Amino acid sequence: MADHYIVEVAGLIASLLGLVFFYISLVRSRGLRKLKKPASMEVLKENCVNNCGNCEAVGTTDVIIVGAGVAGAALAYSLGKDGRRVRVIERDLNAPERIAGEGLMPGGYLKLIELGLGDCVDEIDAQRVLGYVLYKDGKDVPISYPLEKYQSPVAGRNFRNGRFVQRLREKAASLRNVSLEQGTVTSLIEENGTVKGVHYKDKSGRRLTAYAPLTVVCDGCFSNLRRSLCNPKVDVPSYFAGLVLTNCKLPNENYGAIILAEPSPILFYPISSTEIRCLVDIPSRNVPSVSDGEMAHYLKTLVAPKVLPELYTAFIAAIEKKDNIKMMPNKIMPADPHRTPGALMIGDAVNSRHAITGGGMTVALSDVVLLRDLLRPLHDLSDASAVCKYLESFYTLRKPMSSTINTMANVLQIVFSAPSGPVMEDLQQALFGYLKLGGVFVDGVSAIFSGLCPRPLSLAFHFVALSIYGVGRLLLPFPSPKRLWSGAKLLWVASGILLPFIWSEGVRQMFFPLTVPAYYRTPPGNKDIKVREGTLRGD
């Protein structure tokens, strides 16, 4: 009997010990699984959640928009008009003072009208622009926007960036379901790989938390959230030195001016009825200092002699005016986003190009139109994974507009820059001569960089045609071994400029989008709805 009692007690003790060891092993295994999580994910979780443990929640909306620049304010208005509850968080709600974002191409103006925001260029002293005149070695060639097919109001618009942005913000804030507030977003809130909202500080310094099933990041080329959502490969080939000229007029009314000269190309365009913006493109490797007067000396001695006579006096006066020289880096960054449920990037936050053609706002507004149309069939955004999979198509569908404007801007900046040898001089002369042919040649190039012809195949056609023209002019009056060699070098250099930019944009997405699976995505829960509509595909 005693033996039986001892066995029962021992069995009970063994069972208890077994439960204890099982519990310890279970806790340990869970701990190990946590330790095996990727370090980057742990860092992201720490940045996104742990740092704001004392944040105050401000409520949930349908969409959070980070940034109220051109893209953010326009998107807030368009989504608000569609009935969505939108919270917009902007770092500074004062009118921005920028030396870029002042030129809206005709293609961008059409997108503005499509969004119902065409009146935002009214009452800000915006100037109607019909094209540019290209100057080189005392010769000039007009590059007019091909506007024959459009009604008379359609043209480029130049203005003070701050005035335009404030008009867009006013339109967005006029909607009752749009909340526009000043604050600095410090991090994204992420749970199990899905973005749930943002942590931010309001203008009084309070730490707040906002939640939404979709967060759209469009805080521009200086985005501080970019590294969480894409692989940023930023290059800064040059800087703009910006000046405002007064008491002068451009030689051709309603036309800007681009001067191809050593050491830097120079741009002039009106930004109000009394002001002309001047931008001097300076290579990054040789940027004089503004504070110690080196920049003023550089502009007076090297740039001023190349300025048009009609603008020379005003140019010198602008240099001598105190605090009138502003600097801006020209950033180039191809789009390379991560697939992140609950978040999306648009505009310059995800992709930027050289500002020499002024195409940034046109790409941003095109992104807004596309995203608005993609979201319209979705009545519920709560399934972040399904919405994310569906919105993958956004990055393919934006390619016609973004890739053509990006490539054209980046290539023209290199060609317009001061020749570094005879081949680059030949390339400049070839471009100048090609545009001088007029007709479909100049109209085609103008239509691409103005956003009126977002077709990558058109870009390829004009590159081939320009190459043939450039080689042909080198071979005339008759070929010789030296001329053949010069033609071969021109083709080699031209290809070396263009092809890397096409590669970075994605050959498949640019020229063969039908082979990209995301192109055919349909809205989640709406399998019978065809997304391949003309408003999305450009068919």
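Residues numbered from 1 in each chain as written. Predicted model: local features only at pLDDT ≥ 70, side-chain atom pairs only at ≥ 80, totals over all residues. Heavy atoms only, no water.

## With respect to the pattern of salt bridges
Taken as a whole, this structure holds 18 salt bridges when the rule is applied. When the shortest N-O distance is used, the salt bridge between Asp137 and Lys136 registers 3.6 Å. Judged by its relative accessible area of 6%, Lys136 is buried. As a salt-bridge pair, Glu505 and Lys399 come within 3.0 Å of each other at their nearest N and O atoms. In this pair, Glu505 is assigned in helix 16 (residues 481-505) and Lys399 in helix 12 (residues 399-416), connecting sequence segments 106 residues apart. Lys399 shares its class with Glu505; the two are buried. Beyond isolated ion pairs, a larger network of salt bridges with shared partners links Asp82, Glu114, Arg372, Asp373 and Arg376. (Salt bridge = Lys/Arg side-chain N within 4 Å of Asp/Glu carboxyl O. Buried < 20%, exposed > 50% of the residue type's maximum accessible area, 1.4 Å probe, protein only. Helix = DSSP H or I, 4+ residues; strand = E, 2+ residues; numbered from the N terminus.)

## A few points about helix 4 (residues 106-114)
All of the buried residues in helix 4 are Pro106, Gly107, Gly108, Tyr109 and Leu112. Tucked into the core, helix 4 has its buried residues touching strand 4 (103-104), strand 8 (156-158), helix 5 (161-173) and helix 9 (360-375). Two residues or fewer past helix 4, Gly116 is found with a positive phi of approximately 80 degrees. (Contact = heavy atoms within 4.5 Å.)

## A look at the nonpolar core
Within the largest apolar cluster, 125 residues are counted, with the highest numbers of intra-cluster contacts made by Leu134, Phe164, Val198, Ile346, Leu371 and Leu391. In contact with Phe164, other than residues within four places in its own chain, are Val70, Leu112, Cys120, Val121, Ile124, Phe159 and Met361. (Core = buried A, V, L, I, M, F, W, Y, C linked by side-chain atoms within 4.5 Å.)

## Quick notes on the sheet that holds strand 7 (residues 139-144)
Taken in spatial order, the seven strands make up an open sheet running 7-6-14-15-16-13-17, and their pairing is mixed. In the strand order of this sheet, the two ends are held by strand 7 and strand 17 (326-332), each with one partner. On average, adjacent strands in this sheet sit at an angle of 25 degrees to one another, irrespective of strand direction. In terms of strand pairing, strand 13 (residues 235-246) meets strand 16 (residues 275-283) through nine bridges, oriented antiparallel. Residue pairing for strand 16: Thr246 is matched across the bridge by Glu275. (Pairing = 2+ DSSP bridges. Axes fitted to C-alpha atoms, helices over the stretch in contact; angles between N-to-C directions.)

## Examining the packing of helix 13 (residues 422-436) against helix 15 (residues 456-475)
Interaxial distance between helix 13 and helix 15 falls to 9 Å at its minimum, and their mutual angle equals 110 degrees. Looking at the two axes, helix 13 sits roughly perpendicular to helix 15. You can see that helix 13 and helix 15 cross each other, and the crossing is right-handed. Contact residues: Asp426, Gln429, Ala430, Leu431, Gly433 and Tyr434 in helix 13; His462, Ala465, Leu466, Tyr469, Gly470, Arg473 and Leu474 in helix 15. A per-class count over the contact of helix 13 with helix 15 returns seven nonpolar, four polar and two charged. (Parallel < 35°, antiparallel > 145°, perpendicular 65-115°, else oblique. Left-handed = near helix turned anticlockwise from the far one by under 90°. Nonpolar A, V, L, I, M, F, W, Y, C, P; charged D, E, K, R; others polar.)

## With respect to the packing of aromatic side chains
Taken as a whole, this structure holds five aromatic pairs when the rule is applied. With 5.3 Å between their ring centres and 70 degrees between their planes, Tyr434 and Phe441 make a pair best called edge-to-face. Under the relative-accessibility criterion, Tyr434 is labelled buried at 1%. Aromatic side chains Tyr434 and Tyr469 sit 6.3 Å apart centroid to centroid with 65 degrees between the ring planes, which places their arrangement in the edge-to-face category. Of this pair, Tyr434 sits in helix 13 while Tyr469 sits in helix 15, and the two are 35 residues apart along the sequence. In textbook terms, an aromatic cluster arises when at least three aromatic residues are bridged by ring pairs, as seen for Tyr434, Phe441 and Tyr469. Lying over the aromatic face of Tyr109, Arg157 brings its terminal NZ or CZ to 4.5 Å of the ring centre. Taking the ring centre of Phe478 as reference, the NZ or CZ of Arg483 above it sits at 5.4 Å. (Phe/Tyr/Trp six-rings, centres within 6.5 Å; stacked < 30°, edge-to-face > 60°. Lys NZ or Arg CZ within 6 Å of the ring centre and 35° of its normal.)

## Structural notes on the confidence of the model for the protein
Scored by pLDDT, the protein comes out at a mean of 87, with 87% of its residues at no less than 70. This stretch, residues 1-51, has a pLDDT under 50; its non-local contacts, to residues over four places away or in other chains, come to 19 contacts. Overall, residues 528-539 carries pLDDT values under 50, and its contacts beyond four positions in sequence, including any with other chains, amount to 26 contacts. (pLDDT = per-residue confidence, 0-100.)

## Digging into the environment of Ala447
By secondary structure assignment, the location of Ala447 is in helix 14 (residues 439-449). Linking Ala447 and Gly107, residues 340 residues apart in sequence, is a C-alpha distance of 8.6 Å. Excluding residues that lie within four positions of it along the chain, Ala447 makes contacts with Pro146, Leu452 and Cys453.

## What about the pairing of strand 14 (residues 255-260)?
Burial analysis of strand 14 places six of its six residues in the buried class, the great majority of the element. Residues Tyr255, Ala257 and Ile259 of strand 14 are buried on one face, and the alternating residues Gly256, Ile258 and Leu260, pointing to the opposite face, are buried as well. Judged from the six bridges that link them, strand 6 (residues 131-136) and strand 14 form a sheet pairing that is parallel. Bridge pairing links Leu134 to Ile258 in strand 14. In terms of strand pairing, strand 14 meets strand 15 (residues 266-270) through three bridges, oriented antiparallel. In the sheet register, Ile259 faces strand 15, and the bridge partner there is Ile266. Between strand 14 and the antiparallel strand that follows it, strand 15, lie five residues.

## Remarks on the packing of helix 12 against helix 14
Packing of helix 12 against helix 14 brings their axes to within 8 Å, and their N-to-C directions diverge by 115 degrees. With respect to their mutual orientation, helix 12 and helix 14 come out roughly perpendicular. Taken together, the residues of helix 14 that come into contact with helix 12 (itself represented by Thr404, Ile405 and Met408) are Val445, Ile448 and Phe449. Among the residues forming the contact of helix 12 with helix 14, the class breakdown is five nonpolar, one polar and no charged.

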